[in-house]
Amino acid sequence: MKIALYSPYLPKHAGGGERYLFDCAKILAEEGHEVSIAISAEENSLRADAVDLIKKKYEQFLNYSLSDIKFIATPLFTTANFFKKLLWTACFDVLYYQTDGSLFFSLAKKNILHLQIPLKLDKSSLIEKLKLANWQIKNTNSEFTKKYIERFWQTKIDCVHQPYVNSDEFQNQEKKEKIILSVGRFFCQLHSKRQDVLVDFFKSLTELDPQTLKDWKLVLLGQKEDEIFAQKVSGLAKNLNIEILHEADRATLLKLYQKASIYWHASGFEVDEEENPEKVEHFGIATLEAMAAGAVPIVINKGGQKEILGENLRNCLWTDKDDCLAKTLKLIKNDQEREKLGQLARERSLLFSKEKFKNILLSMIGKA
């Protein structure tokens, strides 16, 4: 089948949502389909050298080859007229759209809508209802996102398609070091990873027990998408045992996952989850990858983080600053408990397998 995958976030962003989309594309290509990643561009303006740069960027991010996937231009999200956009969609057996909240009509034989953000948008107008009906299959990245999309958009979600973790990347286990790790892009909007909060937490943790914490380090890894916010975090981290990495390849990230003993996550700190679900973590692939490497997840008790950890690790969820610091300090002081929970985290991560991801994806694609 001829399949196109499209996200308006490409090629600017490189985060969990982009990993999800490329993982879908890679699996579909392995199944023998003709797979294309569509990039918004005016006709004939997507030059070969630009495609090479985009492909190289995402190959470094993903740590796998994209040689079996085409990169093509699409008039979607350009100034092209409605009919040109509509006719473009008719070229495909399947159009897989990872939405930013916007919708459009498609003439592909099968239209699949992936929602990764629980946006509070009004989709009650006739035109919006017609657009929603045009997408035969709608899926979300988590039960959390599903709950709020069904409530706000008043539409049925057909399935939950959670990202997977590639366990093969975490086979070479290294000795754990005194590292607390957090991974995520540096930005302020929506579900900010709140690196500023984590710096404050680490400062308070070292003040609570300077002797115990003297050899521990906080590592923050993520691309800069907001220069001012990144500078703010850097300023707050000054004179603390904190390392900030903005330009790290996949190999560096994997090594850090392997070395980290504890993983922190604070998206949604001091946010009312019911009032602003879009501002908390919608799933949390970085948390899952850290767990696959045996890092203990001490993460906020909101959003998709809860479904990633499950019942056996629910005591690792924290509700406020004092709770996070207490649970982290207890772990730091207890090597045996840290090792036990790290093993439970590894085991839990195996439930988010490539095989499960693939089976759900292929069931949605079916026969166009």
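See the structure printed just above.
Novice: How should I be thinking about the sheet that holds strand β8 (residues 179-183) in this particular structure?
Specialist: Strand pairing in a sheet relies on backbone hydrogen bonds. The paired strands run either parallel or antiparallel. With parallel pairing, the six strands of this open sheet are ordered in space as β10-β9-β8-β11-β12-β13. Where the open sheet ends on each side, the last strands, each with one partner, are β10 (242-245) and β13 (317-318). Across two bridges, strand β12 (residues 296-300) lies against β13 in parallel orientation. By the bridge assignment, Val299 is partnered in β13 with Leu317. Contacting β8, β11 (262-265) and β12, helix α10 (residues 285-292) crosses the sheet at an angle of about 170° to β11.

Novice: It is not clear to me how the layout of surface pockets should be interpreted in this structure. Could you clarify?
Specialist: Take a probe with the size of a water molecule and roll it over the atoms, and the empty space left behind shows itself. Of the pockets and cavities examined, the largest pocket occupies roughly 970 Å³. Looking at the lining of the largest pocket element by element, the count peaks at five residues for helix α1 (residues 16-30). Of the residues contributing to the lining of the largest pocket, the split by class is 18 nonpolar, 19 polar and 11 charged.

Novice: Before we go on, may I ask you to explain the side chain of Thr155 in this structure?
Specialist: If you trace the backbone, Thr155 turns up in the loop between α5 (143-153) and β7 (159-160). Owing to a relative accessible area of 15%, Thr155 belongs among the buried residues under this scheme. Non-local contacts of Thr155, meaning those with residues more than four positions away in its chain, are made with Leu132, Lys138, Ile149 and Glu150.

Novice: Mind showing me how you'd approach the pairing of β12 here?
Specialist: Within a regular beta strand, the side chains point alternately toward one face of the sheet and then the other, so they alternate between its two faces. Most of β12 is tucked away, with five of its five residues classed as buried. As defined by bridge partners, β11 adjoins β12 across four bridges and the pair is classed as parallel. If you follow Trp264 over to β12, its bridge partner there is Ile298.

Novice: Help me understand the packing of aromatic side chains in this model?
Specialist: What characterises a pair of aromatic rings is the spacing of the ring centres plus the angle enclosed by the ring planes. A full pass over the atoms with the stated rule returns 20 aromatic pairs. Relative to Trp318, the ring of Phe269 lies with its centre 6.2 Å away and its plane at 55°, an arrangement referred to as tilted. Of this pair, Phe269 sits in the loop between β11 and α10 while Trp318 sits in strand β13; the two residues are 49 residues apart in sequence, bridging distant segments of the chain. Of the two residues, Phe269 and Trp318, neither departs from the other in class, the shared state being buried. Taken together, the aromatic side chains of Tyr6, Phe77, Tyr97, Phe104 and Trp135 make up a single cluster linked through ring pairs. Its end group placed over the ring of Phe61, Arg19 keeps NZ or CZ at 5.4 Å from the ring centre.

Novice: Help me understand the pattern of salt bridges in this model?
Specialist: As a working rule, side chains carrying opposite charge can pair if their charged atoms are close by. Within this structure, the stated rule accounts for 31 salt bridges. A salt bridge links Glu225 to Arg185; its shortest N-O distance comes to 3.0 Å. Of the two residues, Glu225 sits in the loop between β9 (217-221) and α8 (227-237) while Arg185 sits in the loop between β8 and α6 (195-208), which places them 40 residues apart along the sequence. Glu225 sits in the partly exposed class, given a relative accessible area of 29%. Here Arg185 falls in the buried class, since its relative accessible area comes to 15%. For Lys232, the salt bridge is made with Asp196, and the minimal N-O distance between the two is 3.6 Å. Note that Lys232 is positioned in helix α8 and Asp196 in helix α6, a separation of 36 residues in sequence. Taking the relative accessible area as the measure of exposure, Lys232 reaches 46% and is therefore partly exposed.

Novice: Help me out: how do you make sense of the sheet that holds strand β2 (residues 34-40) in this one?
Specialist: In space, the seven strands of this open sheet follow the order β3-β2-β1-β4-β5-β6-β7, with parallel pairing throughout. Two strands in the sheet have a free side with no partner beyond their single neighbour: β3 (70-74) and β7. Pairing geometry for strand β4 (residues 94-99) and strand β5 (residues 110-115), over six bridges, is parallel. What sits directly across from Val94, in β5, is Lys110.

Novice: How should I be thinking about the environment of Trp318 in this particular structure?
Specialist: Since its relative accessible area comes to 0%, Trp318 is described here as buried. Distance in space between the C-alpha atoms of Trp318 and Ala266 is 9.4 Å, their sequence separation being 52 residues. For Trp318, the contacting residues outside a window of four places in its chain are Phe201, His265, Ala266, Phe269, Ile298, Val299, Ile300, Asn301, Asp323, Cys324 and Lys327.

Novice: Explanation requested: the nonpolar core in the structure shown.
Specialist: Side chains of a nonpolar character, in soluble globular proteins, are inclined to be buried together. Ile180, Leu181, Tyr257, Tyr263, Trp264 and Ile298 are the most contacted members of the largest nonpolar core, which totals 61 residues. The contact partners of Ile298, leaving out residues within four places of it in the chain, are Ile262, Tyr263, Trp264, His265, Cys316, Trp318, Cys324, Lys327, Thr328 and Leu331.

Novice: What's the story with the environment of Val160 in this structure? I'm lost.
Specialist: Tracing the chain through its elements places Val160 in strand β7. The exposure class of Val160 is buried, given its relative accessible area of 17%. Separated by 45 residues in sequence, Val160 and Leu115 have C-alpha atoms that sit 9.7 Å apart. Ignoring sequence-local partners within four residues, the contact set of Val160 consists of Thr140, Asn141, Ser142, Glu143, Lys146 and Ile360.

Novice: Even after reading the chapter, I still don't get the pairing of β10, so can you show me in this structure?
Specialist: When β9 meets β10, the two strands line up parallel, connected through four bridges. Across the sheet, the residue bridging to Leu220 is Ile244, located in β10. For the crossover from β9 across α8 to β10, the handedness is right-handed.

The rules we used
- Residues numbered from 1 in each chain as written.
- Predicted model: local features only at pLDDT ≥ 70, side-chain atom pairs only at ≥ 80, totals over all residues.
- Heavy atoms only, no water.
- Pairing = 2+ DSSP bridges.
- Helix = DSSP H or I, 4+ residues; strand = E, 2+ residues; numbered from the N terminus.
- Contact = heavy atoms within 4.5 Å.
- Axes fitted to C-alpha atoms, helices over the stretch in contact; angles between N-to-C directions.
- 1 Å grid on protein atoms, 1.4 Å probe; cavity = no way out; pocket = protein on both sides within 12 Å on 5 of 7 lines; lining within 4 Å.
- Points joined across faces, edges and corners; volume = space filled by probe spheres on them.
- Nonpolar A, V, L, I, M, F, W, Y, C, P; charged D, E, K, R; others polar.
- Buried < 20%, exposed > 50% of the residue type's maximum accessible area, 1.4 Å probe, protein only.
- Phe/Tyr/Trp six-rings, centres within 6.5 Å; stacked < 30°, edge-to-face > 60°.
- Lys NZ or Arg CZ within 6 Å of the ring centre and 35° of its normal.
- Salt bridge = Lys/Arg side-chain N within 4 Å of Asp/Glu carboxyl O.
- Core = buried A, V, L, I, M, F, W, Y, C linked by side-chain atoms within 4.5 Å.
- Right-handed = clockwise from strand over helix to strand, strands pointing away.

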